[in-house]
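Fold and geometry: a report
Now for the letters of each chain:
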There are 2 protein chains.
Amino acid sequence: MKIVLLSGGSGKRLWPLSNEVRSKQFLKLLCDREGAHESMVQRVYRQIVQAGIDAEIVVATSSTQVEAIRGQLQNDVDIVVEPERRNTFPAIVLASAYLESRKKTDPEETVIVLPVDPFVDVEYFETFKKMDERVQQGDVDIVLMGIAPSYPSEKYGYIVQGASGRVKAFREKPDEAAAKELIKEGALWNAGVFAFKLKYLMHIADNYVPSRDFDDVVHNYAQLKKDSFDYEVVEKADSLVVIPYDGAWKDIGTWNTLTEEMEKESIGDAIMGEECVNTHVINELSIPVVALGTQNLVIAASQDGILVSDKHKSSYIKPYVENINNRPMYEERRWGEYKVYDYSQYADGTKSLTKHITINADCAQDYEMHQFKDEVITVVNGSGELVIDGCLMKLSCGDTISIKRGQKHGIRAFQDLQLVSVQIGEDVTEGDTQVFDWIWAN
Amino acid sequence: MKIVLLSGGSGKRLWPLSNEVRSKQFLKLLCDREGAHESMVQRVYRQIVQAGIDAEIVVATSSTQVEAIRGQLQNDVDIVVEPERRNTFPAIVLASAYLESRKKTDPEETVIVLPVDPFVDVEYFETFKKMDERVQQGDVDIVLMGIAPSYPSEKYGYIVQGASGRVKAFREKPDEAAAKELIKEGALWNAGVFAFKLKYLMHIADNYVPSRDFDDVVHNYAQLKKDSFDYEVVEKADSLVVIPYDGAWKDIGTWNTLTEEMEKESIGDAIMGEECVNTHVINELSIPVVALGTQNLVIAASQDGILVSDKHKSSYIKPYVENINNRPMYEERRWGEYKVYDYSQYADGTKSLTKHITINADCAQDYEMHQFKDEVITVVNGSGELVIDGCLMKLSCGDTISIKRGQKHGIRAFQDLQLVSVQIGEDVTEGDTQVFDWIWAN
């Protein structure tokens, strides 16, 4: 069995913690079994391991999420980068081509595809084993997971089942009365979890791309129909079976649903006055949040902004924050993280950006060059090494380096390196970066 | 007539905007007649001028407030620094000694003393003229201002008046029934505004200090009884008169009372969702605050922290914030201002402080030296000049200076200078500073 996790788009419904580069699945707001904070991605990975599933995992995602996934799951997963965002059908074909042509996966093997952010019990993943067995019986194209409905939702798709779990029909977003009827008939929610033999999907892929070679699929990605896997594959399949899952299953895409799953009423530096009722504080800033006499509120603060919202109104956040086009103020990277202290534009056209950068011990930034900005870096803690135009220099606390535009440079950390970087120029975004090869000596 | 403004203690009731070095009277949350933001101190100064009172003004305060007063009122007032905080009686004696021995004020002249932060109409200051006239008639020791009560308050002191405004008695904090009775008899609130001839008070001062010389009073400040002017002088006076003032008079010492006087529902970067009711946002940070569906809330954010409070609970803030002993994160100085981006302590005992410093055009910092920290300063905008151990160097955008412990240094700005300062050492507080003389050439 191979597992494909679809790591979906970014969004601002959990603003100010989620932004263009930081999707909700990477926010460390949940708790693992030892009480440490973990993200939705980390939770799903942990639960797969916990369910005793020893499968290789491929994450299909956009390039903007690669650094965050590497930061959170290290090298425990493979990452397949979608050349552009084109919906779930192309993404699943791409991941499957990767499995076949790069990982040399047996075409008879089962592939199970799921979204990266379901909030579920471990039993959800144990259901995978039954799905795998059913696929391997060979008389079925696709096996779906069906969630036992907890109420007659008008938001979800329903799977109507016949004898032996055979799928009779799909019903998208019925009204409440119809939903009640469907539940009476034993219909299940469609959770977007699909299992199939690798060869089944690659055979369909042949209709769209000239070869099954991964590089060719990447190159011809635009030929893959921009459609959902449900529409392009599931609804056209000859034989479908559904396997039920009867445990917790939640979409925690809003502050209201997310705070319901938080173990404590606050994360980060927070002081709650004694008369606070049903108030949650999530504070990523280094300054305290004090709440007094508040009711049914979520208070979320990050380098990007501060949200104070009635919980039931938190799902209406989008139009209010979509025009906030500030640059991201916090980013998790493969080598560590940075947060922005200040971004300023001056009357003379100069821009400046002041950042705190953490490079984790034994990690290194890219060897890179900027065209439109100079940079002054001060080491406030730790030790490491700088390469600048091919020359090496040891770095320790108190050192200052001045890097002019056009100079290639890279830093690696021996111990966790804390840096303050001041960038000045016409363009101080991360876009002004060219990357070069550099191999650090040991 | 001379005016003495008593600029009282700092406090945290308007946290996170007020802190140890930034008292509520310096917060620019009110609006002047052109709609620009002004502080309580600036409002009082503007109203004195507006009332046509052409009197020299002395502000008695602690050393911690000098920079803020100079920053907000420039050289329009004299400042008398209390050697220690000892209540209003010693402070008023000190200011009076300053007027007599330094300003050579005629002993017959009227001195009017008032707190620096009353929220009042201009007529309040016009009442000063009547108080001055009454003092100059010569048959009275002290003339008080009496506020026409707007409700039977249990919090204030009442002045009971007899014929021709003669004061018959004082009643401190009566219960509501007694207050109603007092109001019926024409009693007025004691506003802490006192007028007297300079010689009257200096005569009393003679009982405490060896001479009237200002330096001697400073030197013997601890001899002056740590008591209120009301108790030590007013209640012992032979003849007292009260002059009524019938206009607005408010104590805007809590977020609830302050937001009532705000002209707009927000100051700073704020987005209010359409269903917000009676919500005020005061945001000094450079990141946006978004409020959705909130009711009766005050949201205040500064470099020191974030408050989200039900308006009626905002007066109970003190116990929740008094243990927040973070260093001040924003300070207004004579030469400009600074804000702290980060203060960190590391496992190896090193501390680091990253600040943004603005030095206003044509202003200069002190020529100073630190013993326990090194500093790296990067110029992100503007131009100026650095003196380091007596050597001069021009500064412009992009320049970096490294100042080691033990090096004397000072910076002045030709145009507004924007600096990022990274300080590293065992002590990165402002306390580690020795100041030396330096005269800039023109």
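Everything below is about the structure shown above.
The structure displayed is predicted, hence computed values, not measured ones.

**What about the overall build of chain A?**
Per the secondary structure count, chain A includes ten helices and 30 strands. Projected onto its principal axes, the C-alpha positions of chain A cover 70 × 60 × 40 Å. Of all 442 residues assigned to chain A, the portion counted as buried reaches 58%. For chain A, contacts bridging at least 24 residues in sequence account for 65% of all contacts bridging at least 6. By element, 46% of the accessible surface of chain A is carried by carbon and sulfur atoms, the whole surface being about 18,400 Å². Of the side-chain charges in chain A, 48 are positive and 70 negative, and the distance between the mean point of each set is 2 Å.

**Quick word on the interface of chain A and chain B**
Facing 54 residues of chain A, the contacting portion of chain B comprises 54 residues. Taken together, the two surfaces of chain A and chain B that pack against each other cover about 4,300 Å², and 67% of this comes from carbon and sulfur. Counting the surface chain A buries against chain B, the share from its top three residues, Leu292, Ile306 and Tyr320 of chain A, is 17%. Where chain A meets chain B, there are two salt bridges. Put simply, Lys313 of chain A and Glu275 of chain B hold a salt bridge, and the shortest N to O gap is 3.2 Å. There are 14 residue pairs in polar contact (both at pLDDT 80 or more) connecting chain A and chain B. Of the residues forming the side of chain A that touches chain B, the biggest block, six residues, is contributed by strand β19 (residues 305-310) of chain A.

**Notes on the packing of aromatic side chains**
Within the structure shown, the criterion is met by 29 aromatic pairs over all chains. Between the aromatic rings of Trp438 of chain A and Trp440 of chain A, the centroid separation amounts to 6.2 Å while the plane-to-plane angle is 80°, which identifies the pairing as edge-to-face. Note on Trp438 of chain A: relative accessible area 30%, which makes it partly exposed. Among the residues examined, Trp440 of chain A registers a relative accessible area of 18% and is labelled buried. Ring plane angle 70° and centroid distance 5.4 Å describe the contact between Phe125 of chain B and Phe128 of chain B, whose orientation is recorded as edge-to-face. Linking Phe125 of chain B with Phe128 of chain B, this pair stays in helix α4 (residues 122-136), spanning three residues, or about one helical turn. Given a relative accessible area of 0%, Phe128 of chain B falls into the buried group. Following the ring pairs from residue to residue traces out a cluster consisting of Tyr124, Phe125, Phe128 and Tyr245 of chain A.

**A look at the nonpolar core**
Counting residues in hydrophobic clusters, the biggest one holds 62 residues, and the most contacted among them are Ile306 and Ile411 of chain A together with Ile306 and Ile411 of chain B. Not counting residues up to four positions away in its chain, the partners in contact with Ile411 of chain A are Ile359, Cys363, Ala364, Gln365, Ile377, Glu385, Leu386, Leu395, Ile401, Leu417, Leu419 and Trp440 of chain A.

**Details of the sheet that holds strand β24 (residues 373-381) of chain B**
Residues and elements named next belong to chain B. The strand order β20-β21-β22-β29-β24-β27 describes an open sheet built from six strands, whose pairing is antiparallel. Strands with a single pairing partner mark the edges of an open sheet, and in this sheet they are β20 (330-333) and β27 (400-403). Between one strand axis and the next, the sheet turns through 20° on average, direction left out of account. Relative to strand β29 (residues 417-425), strand β22 (residues 351-359) runs antiparallel, the two being bridged by nine bridges. By the bridge assignment, Lys355 is partnered in β29 with Ser421.

**Some remarks on unusual backbone geometry**
Residue and element names in this part refer to chain A. A cis geometry characterises the amide bond from Trp15 onward to Pro16, with omega recorded as 10°. Among the structural elements, Pro16 can be located in the loop between β1 (2-6) and β2 (30-31). One non-glycine residue, Lys104, lies in the positive phi region at around 50°. The topology assignment puts Lys104 in the loop between α3 (88-102) and β6 (110-115). On the basis of relative accessibility, which here comes to 64%, the residue Lys104 falls in the exposed class. The phi dihedral of Ser164 is positive, around 50°, even though this residue is not glycine. Of the residues examined, Ser164 reaches a relative accessible area of 67% and is grouped as exposed.

Conventions we followed
- Position labels on residues start from 1 in each chain and follow its written sequence.
- Going through the entries in the order they are written, you letter the chains from A and number the ligands from 1.
- Local features in this predicted model are restricted to residues whose pLDDT is 70 or higher, and side-chain atom pairs enter the listing and the counts only when it is 80 or higher, whereas totals over whole chains, interfaces and linings include all residues.
- To get the side-chain values, take all heavy atoms of the structure and skip hydrogens and water.
- Each helix is a run of H or I in the DSSP string that is no shorter than four residues. Each strand is a run of E no shorter than two, and both are numbered from the N terminus.
- Each residue's exposure class comes from its accessible area (1.4 Å probe, protein chains only) as a fraction of the maximum for that residue type: buried when under 20%, exposed when over 50%, partly exposed otherwise.
- Contacts were defined at the residue level, with two residues in contact if any of their heavy atoms lie within 4.5 Å.
- Surface accessibility in these figures is a Shrake-Rupley result with a 1.4 Å probe; residues are shielded only by whichever protein chains are displayed.
- In summary, the charge assignment counts Lys and Arg as positive and Asp and Glu as negative, without counting His or the chain termini.
- Positions of charges follow a simple convention, taking NZ of Lys, CZ of Arg, CG of Asp or CD of Glu.
- Two parts placed together each lose some accessible area under a 1.4 Å probe, and adding up what both lose gives the buried area.
- By convention in these notes, a salt bridge is any Lys or Arg side-chain nitrogen within 4 Å of a carboxyl oxygen on Asp or Glu.
- For the purposes of these results, a polar contact is taken to be a pair of N or O atoms within 3.5 Å, where, inside protein, one atom must be able to donate a hydrogen and its partner to accept one; residues adjacent in sequence count only when each atom of the pair is a side-chain atom.
- The pairing test for Phe, Tyr and Trp rings, Trp by its six-membered ring, is centres within 6.5 Å, and the orientation test on the planes gives stacked under 30 degrees, edge-to-face over 60, and tilted for anything in between.
- Residues belong to one nonpolar core when they are buried, are Ala, Val, Leu, Ile, Met, Phe, Trp, Tyr or Cys, and are joined through side-chain atoms within 4.5 Å.
- Strands pair, by our definition, only if DSSP identifies at least two bridges between them.
- An axis is simply a line fitted to the C-alpha atoms; with a helix, the fit covers only the stretch in contact. Between two such axes, the angle follows the N-to-C directions and lies from 0 to 180 degrees.

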